[in-house]
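Spelled out from the first residue to the last, the chains are:
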Amino acid sequence: MTGAETHAAAPGGAPAVPAGFERLTLGGPFIQNNGPLYVRREGSAVQFGFRVEQRHVNTLGNLHGGMMATFCDMLLPLSVHYKTTELAGRFLPTVSLQVDYLAPAHVGMWVQGEAAPLRITRSLVFAQGLVTADGEACARVSGVFKIGPATPPGAGD
């Protein structure tokens, strides 16, 4: 699921990836082309993040809303996978995703999110999370996900 990651410098001299984060190899070709995304587990806490690159921004130099939505659409179901044993291997397609954009993120900023399931029914998962950019709140997200079939072995690689 993860692999070792180097900590090269990002624009402005900031570390590219904060300590403890490892590159996430889940998500298929779309996420691999638009990421990379990273994961860090510390006890029961699970955090996901990425460094904003020039290719992630809009014409004003802010993180594109589509990239933030993509990140949030990975943050919620992956957090559910990591925090629940019964859904760890299940595909969780998005039914609804609500993103409240609170503040911009700029090139070089570290975007990081944490999320948790709120309720799990027989067929749906409700989850919410908060995303920060360099430690400041930049998005609030909630979503509903269908509990799908087991993910085939190797599908996330």
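Our structure is the block above this text.
The paragraphs below set out a description of the structure included in this document. (Residues numbered from 1 in each chain as written. Predicted model: local features only at pLDDT ≥ 70, side-chain atom pairs only at ≥ 80, totals over all residues. Heavy atoms only, no water.)

### Quick look at the overall build of the protein
For step 1, the next point in the chain: Summing up its helical and strand segments, the protein has two helices and eight strands in all.
For step 2, the next point in the chain: Tracing the protein from N to C terminus, the helices and strands come up as β-β-α-β-β-α-β-β-β-β.
For step 3, the next point in the chain: Evaluated residue by residue, the protein yields a buried proportion of 43% over its 157 residues.
For step 4, the next point in the chain: A separation threshold of at least 6 residues defines the contact pool for the protein, and within that pool the share at least 24 residues apart is 58%.
For step 5, the next point in the chain: Accessible area for the protein stands at about 8,100 Å²; split by element, carbon and sulfur atoms hold 56% of it. (Helix = DSSP H or I, 4+ residues; strand = E, 2+ residues; numbered from the N terminus. Buried < 20%, exposed > 50% of the residue type's maximum accessible area, 1.4 Å probe, protein only. Contact = heavy atoms within 4.5 Å. Areas by Shrake-Rupley, 256 points an atom, 1.4 Å probe, with all protein chains shown as cover.)

### Describing the pairing of strand S4 (residues 45-51)
For step 1, the next point in the chain: By the criterion of burial, S4 is predominantly enclosed, with six of the seven residues buried.
For step 2, the next point in the chain: In this sheet, S4 lies alongside strand S3 (residues 38-42) in antiparallel orientation, the contact comprising five bridges. Residue Arg41 lies in a different strand from S4, and its bridge partner there is Val46.
For step 3, the next point in the chain: What sits between the antiparallel neighbours S3 and S4 is a turn of two residues, in which Gly43 has the positive phi angle 65 degrees.
For step 4, the next point in the chain: Here S4 pairs with strand S6 (residues 110-120) via four bridges, running antiparallel. Bridge pairing in S6 links Arg51 to Trp110. (Pairing = 2+ DSSP bridges.)

### Quick word on the pattern of salt bridges
For step 1, the next point in the chain: Under the criterion given, the structure shown has three salt bridges.
For step 2, the next point in the chain: We note a salt bridge from Glu42 to Arg40, for which the minimum N-O separation is 3.8 Å.
For step 3, the next point in the chain: Judged by its relative accessible area of 14%, Arg40 falls in the buried class. (Salt bridge = Lys/Arg side-chain N within 4 Å of Asp/Glu carboxyl O.)

### Thoughts on helix H2 (residues 65-83)
For step 1, the next point in the chain: Its 19 residues give H2 an end-to-end C-alpha distance of 27 Å, which sits within 8% of 27 Å, the value for a rise of 1.5 Å per residue.
For step 2, the next point in the chain: Burial analysis of H2 places 14 of its 19 residues in the buried class, the great majority of the element. (Expected span 1.5 Å × (residues − 1).)

### Brief notes about unusual backbone geometry
Most peptide bonds take the trans configuration, and most residues that are not glycine carry a negative phi.
For step 1, the next point in the chain: Here the bond from Gly35 into Pro36 is cis, since omega is 5 degrees, no more than 30 degrees from zero.
For step 2, the next point in the chain: One can find Pro36 in the loop between helix H1 (28-34) and S3.
For step 3, the next point in the chain: The backbone of Asp134 shows a phi angle near 50 degrees, a positive value even though the residue is not glycine.
For step 4, the next point in the chain: In this fold, Asp134 is placed in the loop between strand S7 (124-133) and strand S8 (136-146).
For step 5, the next point in the chain: The exposure class of Asp134 is partly exposed, given its relative accessible area of 46%.

### Brief notes about the packing of aromatic side chains
For step 1, the next point in the chain: One pass over the full model with this rule turns up four aromatic pairs.
For step 2, the next point in the chain: Between Phe21 and Trp110 the ring centres are 5.0 Å apart and the planes differ by 70 degrees, which places this aromatic pair in the edge-to-face class. Of this pair, Phe21 sits in the loop between strand S1 (2-3) and strand S2 (22-24) while Trp110 sits in strand S6, and the two are 89 residues apart along the sequence. Each member of the pair, Phe21 together with Trp110, is buried.
For step 3, the next point in the chain: On the numbers, 5.7 Å between centres and 70 degrees between planes, the contact of Phe48 with Tyr82 is edge-to-face. With a gap of 34 residues between them, Phe48 in strand S4 and Tyr82 in helix H2 connect regions that are remote in the sequence.
For step 4, the next point in the chain: Residue Phe48 is classed as buried on the basis of its relative accessible area, which comes to 2%.
For step 5, the next point in the chain: For Tyr82, a relative accessible area of 14% puts it in the buried group.
For step 6, the next point in the chain: One aromatic cluster is present, formed by Phe21, Tyr38 and Trp110 through successive ring pairs. (Phe/Tyr/Trp six-rings, centres within 6.5 Å; stacked < 30°, edge-to-face > 60°.)

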